[in-house]
Amino acid sequence: TWHLKKIPQIVSGRTFSLDSPKFEAQTKLELNSVCGIECQRKLPVPSLSDLKDLLSYETVFENGTRTLTEVNVLGPALDLAENTTTKRSSRKKRQIYGTDSRFSIYDKRFMTNFPFNTAVKISTGCSGILISPKHVLTAAHCLHNGKDYVKGSKRLRVGLMKTKSRGDGRKHKGAKRNGMPSFQWTRVKSTHIPKGWFKGVSGDIALDYDYAVLELKRPHKRKYMELGISPTIKMMPGSMIHFSGFDNDRSGQLVYRFCSISDESNDLFYQYCDAESGSTGSGVYLRLKEPNKKKWKRKIIAIYSGHQWVDVNGEQQDYNVAVRITPLKYAQICFWIHGNDGNCTQG
């Protein structure tokens with residue numbers, strides 16, 4: 001069951017103008033981090049002043065201007081998840097673990113229907129997921145390498161799948177006969193990235209803030225997926241997660257996968273879902289029962305950050321990592337969507 005939680009309040013403070021970005025960074029879809037599972041567990045709980053700093057955010061607008069908005073955090077800010085699981089399994093140094101268990105979705109009836117229709121393609125080479133009529137959730141490192149915005153993010157676009165024919169029977173320009181999706185590209189009006197991503201890239205907590213929200217220039221009319229607060233592994237049916245994206249090794253295909261989570265920290269899930277670069281930024285979701293109802297509902301509980309090299313007991317090992325939507329991140333993303341915290345009191 002989805003458990004309702006009281007959400008901290010994110011309240012915007014002062015906004016400052018910053019110099020325009022250079023947009024010269026190279027897109028890097030595989031990150032190196034120095035902080036593995038044990039390191040994550042030992043990280044100190046951030047203080048309230050730390051949180052204000054980490055959750056302050058940069059906004060880049062379509063015309064290249066950039067601002068920094070300070071925030072205040074009110075309410076139950078330090079409501080962190082418990083770490084309960086410590087499973088270990090052998091792994092090879094690649095993103096496909098053993099037999100490739102991914103599914104390419106070809107059937108138009110699936111591609112254009114929920115939940116697969118919520119997957120989008122980002123013009124920098126990543127994936128994302130629709131979270132409102134005008135907003136897309138993705139990974140921060142798809143847009144920014146910690147020092148500068150990537151080259152392709154100056155004229156950022158989001159591709160929504162289209163496979164339907166026009167009324168006269170002819171297909172949209174660019175639609176392929178074999179059922180693979182073509183894309184309707186929409187310009188991005190603005191981009192929000194938490195300051196924790198910029199602070200942490202050279203330190204220990206970069207991955208915790210590897211998320212960003214894009215505001216589209218024009219709203220779409222498709223069904224989107226709501227946000228949910230990430231439960232602990234023991235609260236998930238079979239510890240299973242699901243996500244769909246556009247893996248680079250399956251060009252033009254929507255690729256779906258599900259797997260069980262192997263380990264967790266307060267902010268990250270460690271799992272062995274088969275995924276190649278290109279699926280980075282996909283929304284990781286669960287299907288749980290609504291409180292006091294018989295209905296089941298899918299919600300996004302994490303953002304797939306991708307294949308990460310981390311230090312474990314002095315050795316480099318690899319995982320596929322997802323950033324959990326904690327109550328604080330829920331509050332921030334919800335604030336970005338609505339522009340205020342009035343709609344973000346419970347999640």
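Computed from a predicted model, the values in this text were never measured in an experiment.

Draft legend 1. Focus on the overall build of the chain. Scanning the chain for helices and strands turns up five helices and 18 strands. The burial tally for the chain puts 54% of its 347 residues in the buried class. Across the chain, the fraction of contacts at a sequence separation of at least 24, relative to all contacts at a separation of at least 6, is 74%. Accessible surface, the chain: about 15700 Å² in total, of which carbon and sulfur atoms supply 48%.

Draft legend 2. The arrangement of the pattern of salt bridges in detail. This model, assessed by the stated rule, comprises 11 salt bridges. One salt bridge in this structure joins E62 and K217, with 3.2 Å as the shortest N-O distance. Here E62, found in the loop between strand 3 (57-61) and strand 4 (66-74), pairs with K217, found in the loop between strand 11 (212-216) and strand 12 (226-227); they are 155 residues apart in sequence, far enough to count as distant. Overall, K217 belongs to the partly exposed group, its relative accessible area being 38%. Here K134 and E215 are joined by a salt bridge, their closest N and O atoms 3.5 Å apart. Here K134 is found in the loop between strand 7 (127-130) and strand 8 (135-138), whereas its partner E215 is found in strand 11, with 81 residues between them in sequence. Using a relative accessible area of 24% as the deciding quantity, one classes K134 as partly exposed. For E215, a relative accessible area of 17% puts it in the buried group. Ionic contacts of the salt-bridge type, sharing partners, join the residues E62, R187 and K217 into one network.

Draft legend 3. The arrangement of the state of the cysteines in detail. Summed over all chains, the structure comprises one disulfide. At a sulfur-sulfur separation of 2.1 Å, the disulfide partner of C126 is C142. Taking the torsion about the S-S bond as the criterion, the C126 to C142 disulfide, at about -95°, is left-handed. On the criterion of sequence distance, the pair formed by C126 in the loop between strand 6 (119-122) and strand 7 and C142 in the loop between strand 8 and strand 9 (157-162) is long-range, its members being 16 residues apart. On the accessibility criterion, C142 (0% relative accessible area) is buried.

Draft legend 4. Representation of the nonpolar core. With 66 residues, the main nonpolar core has I131, L137, V158, L227 and I333 as its most contacted residues. Among the elements that take part in this core, helix 5 (residues 327-338) stands out by supplying eight residues, more than any other. If near-sequence neighbours (up to four positions away) are discounted, I131 is found in contact with V136, L137, V213, Y224, M225, L227, I300, I333 and I337. With 16 residues, the next largest nonpolar core counts I261, I301, Y304 and A322 among its residues.

Draft legend 5. Expanded view of the environment of Q253. Here Q253 shows up in the loop between strand 13 (240-245) and strand 14 (254-264). Q253 sits in the buried class, given a relative accessible area of 12%. Spatially, the C-alpha atoms of Q253 and S182 are 9.3 Å apart, while their sequence positions differ by 71 residues.

Draft legend 6. Main features of the side chain of R66. Mapping R66 onto the fold places it in strand 4. Under the relative-accessibility criterion, R66 is labelled buried at 17%. From its side chain, R66 meets the backbone oxygen of D19 in a polar contact 2.8 Å long. For R66, the residues in contact, after removing those within four places along its chain, are F16, S17, L18, D19, P21, E58, T59, V60 and Y149.

Draft legend 7. Layout of helix 5. Taking 1.5 Å per residue as the helical rise, helix 5 with its 12 residues ought to reach 16 Å, and the 16 Å between its terminal C-alpha atoms agrees with that figure. Once helix 5 finishes, G339 follows within two positions and takes phi at roughly 80°, a positive value.

Draft legend 8. Highlighting unusual backbone geometry. Despite not being glycine, F23 has its phi angle at roughly 55°, a positive value. One can find F23 in the loop between strand 1 (9-18) and strand 2 (31-32).

Draft legend 9. Geometry of the confidence of the model for the chain. When the pLDDT values of the chain are averaged, the result is 78; 74% of them are 70 or greater. The low-confidence segment residues 79-94 (pLDDT under 50) makes 41 contacts with residues lying over four places distant or belonging to another chain. This model gives residues 165-177 a pLDDT under 50, and the stretch forms 11 contacts once residues within four places in sequence are excluded.

Draft legend 10. Representation of the environment of V11 within the structure. Topologically, V11 is positioned in strand 1. The class of V11 is partly exposed, set by a relative accessible area of 30%. Sequence separation between V11 and E70 is 59 residues, and the spatial gap between their C-alpha atoms is 8.7 Å.

Draft legend 11. Main features of the environment of S49. Within the secondary structure, S49 sits in helix 2 (residues 48-55). What makes S49 exposed here is its relative accessible area of 52%. A C-alpha to C-alpha distance of 8.8 Å links S49 and V73, two positions 24 residues apart in sequence.

Draft legend 12. Local environment of helix 2. Turning to helix 2, its buried residues number three or more, namely L51, L54 and L55. Projected onto a plane normal to the axis of helix 2, the buried residues spread over an arc of 85° and lie on a single side.

About the cut-offs
- Residues numbered from 1 in each chain as written.
- Predicted model: local features only at pLDDT ≥ 70, side-chain atom pairs only at ≥ 80, totals over all residues.
- Heavy atoms only, no water.
- Helix = DSSP H or I, 4+ residues; strand = E, 2+ residues; numbered from the N terminus.
- Buried < 20%, exposed > 50% of the residue type's maximum accessible area, 1.4 Å probe, protein only.
- Contact = heavy atoms within 4.5 Å.
- Areas by Shrake-Rupley, 256 points an atom, 1.4 Å probe, with all protein chains shown as cover.
- Salt bridge = Lys/Arg side-chain N within 4 Å of Asp/Glu carboxyl O.
- Disulfide = S-S within 2.5 Å.
- Core = buried A, V, L, I, M, F, W, Y, C linked by side-chain atoms within 4.5 Å.
- Polar contact = N/O pair within 3.5 Å; in protein donor to acceptor, adjacent residues only side chain to side chain.
- Expected span 1.5 Å × (residues − 1).
- pLDDT = per-residue confidence, 0-100.
- Arc of directions from axis to C-beta.

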